[in-house]
Amino acid sequence: MTDEPTAGEDAALAYHKLNPPGKLEIRATKPLSTQRDLSLAYSPGVAVPCLKIAEDPLAAYDYTARGNVVAVISNGTAVLGLGAIGALASKPVMEGKAVLFKKFANVDGIDIEVDETDIDKFVDVVAALEPSFGGINLEDIRGPDCFAIEEKLKARMAIPVFHDDQHGTAIIVSAAIRNGLLIQNKSLGDVKIVTAGAGAAALSCLNLLVSLGANPENIIVTDIDGVVHSGRNTSMDPWKAKFARDTPLRTLGEAIEGADIFLGLSAAGVLKPEMVASMAPNPMVLALANPNPEIMPEIVAELRPDALMCTGRSDYPNQVNNVLCFPYLFRGALDVGATGIDESMKKAAVEAIASLARERPTEEVAHAYGGIAKTFGPDYLIPAPFDPRLILRIAPAVAQAAEKAGLARRPIADMDAYVDTLNRFVFRSGSIMKPVFSKAAGSQCRVVYAEGEDERVLRAAEIALEEGLCSPILIGRRRVVEHRAKRAGLKRVPDAVEIIDPEDDPRYREYVDTYFGLVGRRGITPEAARTVVRTNATVIAALAVKRGEADAMLCGVESPFSQHVRAVRDVIGTAEGVTELAALSLLLGDRSTLFLLDTQVCTEPTAEQIAEMTVQAADQVAAFGITPKVALLAASRFGSRETESAQRMRAALARLGEMAPDLMVDGEMTGEDALNEVVRQRAMPDSALQGEANLLVFPNIDAAHIAMTLLKEVTGALHVGPMLLGTALPAHIVTQSATARGVLNMTAIAVVDAQSRGRISAQGGA
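Residues numbered from 1 in each chain as written. Predicted model: local features only at pLDDT ≥ 70, side-chain atom pairs only at ≥ 80, totals over all residues. Heavy atoms only, no water.

A tally of regular secondary structure across the chain gives 31 helices and 21 strands. Taking 27 Å as the expected radius of gyration for a compact globule of 766 residues, we find that the chain reaches 31 Å, a close match to that expectation. Seen through its principal axes, the chain has C-alpha atoms that stretch 95 × 75 × 55 Å. A total of 766 residues make up the chain; the buried ones form 53% of that total. Long-range contacts, defined here as pairs at least 24 residues apart, represent 71% of the contacts in the chain between residues at least 6 apart. For the chain, the exposed surface amounts to about 33,100 Å²; the carbon and sulfur share of it is 53%. (Helix = DSSP H or I, 4+ residues; strand = E, 2+ residues; numbered from the N terminus. Rg over C-alpha atoms; globule rule 2.2 N^0.38 Å. Buried < 20%, exposed > 50% of the residue type's maximum accessible area, 1.4 Å probe, protein only. Contact = heavy atoms within 4.5 Å. Areas by Shrake-Rupley, 256 points an atom, 1.4 Å probe, with all protein chains shown as cover.)

Here's what the structure looks like:
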């Protein structure tokens, strides 16, 4: 780059240069804080696993990170669109590939740049690295060298070797073609396929398509020298010669006439408008040259409205992007200790990707497409690259294919449990929420959603219907609900749900009478009551629960939390014996699960209220299948300070001793004491709290809310809740930042809440 950098180039350089330079770092996964830790991690303790591995090489998967490490290897001879820039200059790309492995599949990628262009020498270097890695991802190696290198490495190595430029592209292309032919009502065995480009990616696409059923006699390959035909000697190699045909055709223009599929992996502008016009009815055009395709989609759309179009660009539909495949394919291969990646594993990935595109879209998919959900069709042949379900479909499919092919050294004994581990990676709420969802499954609980027009709520209701969690009731204007559900690509909402339309509901007068009966002597006039019931969706939801027309309610995605609390308190009220409501928040981090109380409701609770809400929170924690371990927090360590809040926490501890003598609770203590048993034992050896606390009780709302938001931001923990405690009937309030997944989590919690209160009969009514 000899010219002055542009603004975009400056941003890219700053991104990579920002301290620390690059995109990767190495972190220890085991504690290294004491001398004992060091002696276990290194000498002398490390000798023990070394000897185990010497006895049994497969033990390396048990005692080292090898089973989760992939080497991303290049010699820099064909980097992106940059060409042969050399091994060192390719390092930012290889680091980037390693980052994608981690981001999308939790695979540790390590980039290795080999400064060697001689095929045999390069192979010798890579093959010698086998003990270090669970798999090899070859990247940006020129053709045809890449074919020979991969073949030689596969023959010498007993771990997966995968050239992503070839096979990753082939898998995505095959999935797109599979779905495209479904729409066009054509058979892979009958279609005529013409390529522009005969490099590694193009030939690998054709090889995989043939293994899936394409007829080799119906394939014509073209490159810069024209049609690859029998007897041609110019620019030929054994891999290209495989597709040489005995044909009089010599140019792309001649070859493409009547073609059903154009596959372009060549250069911008290669496919001319008149060529597209000559293709068969209902063709597919895969113009995958980057950054500019062989022909622009606008031209194809104008010339051939019957055509299906794919590109390699993110600003057009049907982007062929290798990130759809390679992280998850390796995830499945690594998890069974595969000795290689064969054709059946690639086919399994093709089918998983194609099938996923035909599933109902999720909120995450909608976000990937700028908030507009895509459904299977001409503009959605393959999933979005950021669809979190990819790992849940591809990795198990590849793992099972490896087992069937006899390539798995460590077959997965329990596939359902394996999918659960993948699900926890995708949605960190997967583990702790599983028992809650299991209890809610099959329920006919009627859950009323106050903000039924919100797209997050609509998506949550759709999934709740699909998974049998509840019978949703949506509050919202019917015309708006129908429009937004259609825009989101939902199939069951709104037809399969009840809608309470504030503008047109026959129960309006009854709702007003009920509401006025509850608040009429609290300064609310009949006219004001009519206005509130017409305009306040949370009040309507609470009235539906109060009148027995719903079993539980959810609100909060719109308007501040405090406004919803007021409405719930006015209509539903507190349970018998409860003096104040409380909010329990759950934070799910990578390594810990914490419940925090009270993050939203009670500003300065008394000692009695703290004890009361702690008992309720402990019951809620137990409902998750977790033994509550309670720490009463303050800026004091077991009497070290005489602050007002510390005194309140001590008084609350005394009261808890009377109210819940079997509860594991101690305090007052600092946050460090609560989460570090070693520190706590030094200060209070006879503490009743054992291990790490999982329920943190704060002296006031400021401390609780600040702690929750800071922990969430600093650790990246997933927030579930808040769960409203102390209500007379099941009612919960999420925060305005809740996602559709967050609303769904709270739906399951609300259902279980209703079940525990006996609100649901055998028919699902009150």
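Right, let's get into the pattern of salt bridges. On inspection of all chains with the given rule, the structure shows 45 salt bridges. A salt bridge links Arg507 to Glu498; its shortest N-O distance comes to 3.4 Å. Using a relative accessible area of 18% as the deciding quantity, one classes Arg507 as buried. The class of Glu498 is partly exposed, set by a relative accessible area of 35%. Among the ionic contacts, a cluster of salt bridges with common partners joins Glu498, Asp505, Arg507, Glu510, Arg547 and Glu549. (Salt bridge = Lys/Arg side-chain N within 4 Å of Asp/Glu carboxyl O.)

As a further point, take unusual backbone geometry. Cis geometry marks the peptide bond from Asn290 to Pro291, where omega comes out at 0°. Position of Pro291 relative to the elements: it lies in the loop between strand S9 (284–287) and helix H13 (297–303). Backbone torsion omega between Leu597 and Asp598 reads -10°, so that peptide bond is classified as cis. As for its position among the elements, Asp598 is in the loop between strand S16 (593–597) and helix H26 (607–623). For Asp140, which is not a glycine, the phi torsion comes out positive at approximately 50°. Here Asp140 shows up in the loop between strand S3 (135–138) and helix H7 (145–156). Assessed through its relative accessible area of 4%, Asp140 is described here as buried.

A separate point is the sheet that holds strand S20 (residues 718–725). Ordered in space as S18-S17-S19-S16-S15-S20, the six strands form an open sheet in which the pairing is mixed. Single-partner strands in this sheet number two, and they are strand S18 (664–669) and S20. Within the sheet, the average angular offset between the axes of one strand and its neighbour, ignoring direction, is 20°. Two elements, S16 and strand S19 (residues 695–697), share three bridges in a ladder whose sense is parallel. The residue bridging Leu596 from the neighbouring strand is Leu696, located in S19. (Pairing = 2+ DSSP bridges. Axes fitted to C-alpha atoms, helices over the stretch in contact; angles between N-to-C directions.)

Here we come to the side chain of His732. Relative to the helices and strands, His732 is located in strand S21 (residues 731–733). A distance of 3.1 Å separates a polar atom in the side chain of His732 from the backbone nitrogen of Leu724. If we ignore the near neighbours within four places in the chain, the residues touching His732 are Met553, Leu554, Cys555, Met723, Leu724, Met746, Ile749, Ala750 and Asp753. (Polar contact = N/O pair within 3.5 Å; in protein donor to acceptor, adjacent residues only side chain to side chain.)

It should be kept in mind that the predicted coordinates are not to be read in detail where pLDDT is low. Per-residue pLDDT for the chain has a mean of 89; in total, 95% of the residues score no lower than 70. Per-residue pLDDT stays below 50 along residues 761–766; that stretch engages in twelve contacts with residues further than four places along the chain or on separate chains. (pLDDT = per-residue confidence, 0-100.)

On to the packing of aromatic side chains, then. The tally for this structure, following the rule as stated, stands at four aromatic pairs. With a centroid separation of 5.2 Å and an interplanar angle of 15°, the aromatic rings of Phe147 and Trp239 are classed as stacked. Pair noted here: Phe147 is in helix H7 and Trp239 is in helix H10 (residues 238–241), with a separation of 92 residues, a long-range link. Classification of Phe147 by relative accessible area gives buried; the value is 6%. Trp239 gets classed as partly exposed once you look at its relative accessible area, which sits at 24%. Judged by centre distance (5.8 Å) and plane angle (90°), the ring pair of Phe162 and Phe330 falls under edge-to-face. Of this pair, Phe162 sits in strand S4 (residues 161–163) while Phe330 is found in helix H14 (residues 326–335), placing the two residues 168 residues apart along the sequence. In terms of burial, Phe162 and Phe330 fall into one category: buried. Members of the aromatic cluster, connected to one another through ring pairs, are Phe101, Phe162, Phe326 and Phe330. One cation-aromatic arrangement involves Arg534 over Tyr508; the distance from NZ or CZ to the ring centre is 3.8 Å. (Phe/Tyr/Trp six-rings, centres within 6.5 Å; stacked < 30°, edge-to-face > 60°. Lys NZ or Arg CZ within 6 Å of the ring centre and 35° of its normal.)

The next subject is the packing of helix H8 (residues 164–184) against helix H9 (residues 200–212). Close contact between H8 and H9 brings their axes to 8 Å; oriented N to C, the two are set at 50°. Taken together, H8 and H9 sit at an angle that is classed as oblique. Where H8 crosses over H9, the handedness of that crossing is right-handed. Residues Asp165, Gln166, His167, Thr169, Ala170, Ile171, Val173, Ser174 and Ile177 of H8 touch H9, and the partners they reach there are Ala200, Ala201, Ser204, Cys205, Leu208, Leu209 and Leu212. (Parallel < 35°, antiparallel > 145°, perpendicular 65-115°, else oblique. Left-handed = near helix turned anticlockwise from the far one by under 90°.)

Attention now goes to the side chain of Asn179. Among the structural elements, Asn179 can be located in helix H8. Using a relative accessible area of 0% as the deciding quantity, one classes Asn179 as buried. The contact partners of Asn179, leaving out residues within four places of it in the chain, are Ala354, Ala357, Arg358, Phe376 and Leu381.

Moving on: the nonpolar core. Ile136, Ile171 and Leu286 are the most contacted members of the largest nonpolar core, which totals 100 residues. Each residue touching Leu286, except ones within four places of it in the same chain, is listed here: Val173, Ala176, Ile177, Ile261, Phe262, Leu263, Gly264 and Cys310. (Core = buried A, V, L, I, M, F, W, Y, C linked by side-chain atoms within 4.5 Å.)

Time to look at H14. Across the ten residues that make up H14, a large majority, nine, are buried. Positive phi shows up at Gly337, right after H14, with a value of about 60°.

The next thing to look at is the pairing of strand S11 (residues 446–449). Of the two faces of S11, both are covered, the one formed by Arg446 and Val448 as well as the one formed by Val447 and Tyr449. Of the pairings in the sheet, the one linking S11 to strand S12 (residues 471–475) comprises four bridges and is parallel in character. When the sheet's bridge partners are listed, Tyr449 is paired in S12 with Leu474. The β-α-β motif built from S11, the intervening helix H20 (residues 455–466) and the parallel element S12 has right-handed crossover chirality. Of the strand pairs in this sheet, S11 and strand S14 (residues 552–555) are connected by three bridges, and their pairing is parallel. Among the inter-strand pairings, Val447 is bridged to a residue of S14, identified as Ala552. (Right-handed = clockwise from strand over helix to strand, strands pointing away.)

Pairing is parallel in the open sheet, where four strands are placed in the order S2-S1-S3-S4. One side of each edge strand has no neighbouring strand; the edge strands of this open sheet are strand S2 (108–113) and S4. Adjacent strand axes in the sheet meet at a mean angle of 25° when their direction is disregarded. Inspection of the sheet shows strand S1 (residues 69–74) paired to S3 by four bridges, in the parallel sense. By the bridge assignment for S3, Ala71 is matched with Ile136.

Taking burial as the measure, the six residues of S1 include six buried ones, the bulk of the element. Residues Val69, Ala71 and Ile73 of S1 are buried on one face, and the alternating residues Val70, Val72 and Ser74, pointing to the opposite face, are buried as well. In this sheet, S2 lies alongside S1 in parallel orientation, the contact comprising six bridges. Bridge pairing links Ile73 to Ile112 in S2. The parallel pair S1 and S2, bridged by helix H5 (residues 91–105), forms a crossover whose chirality is right-handed.

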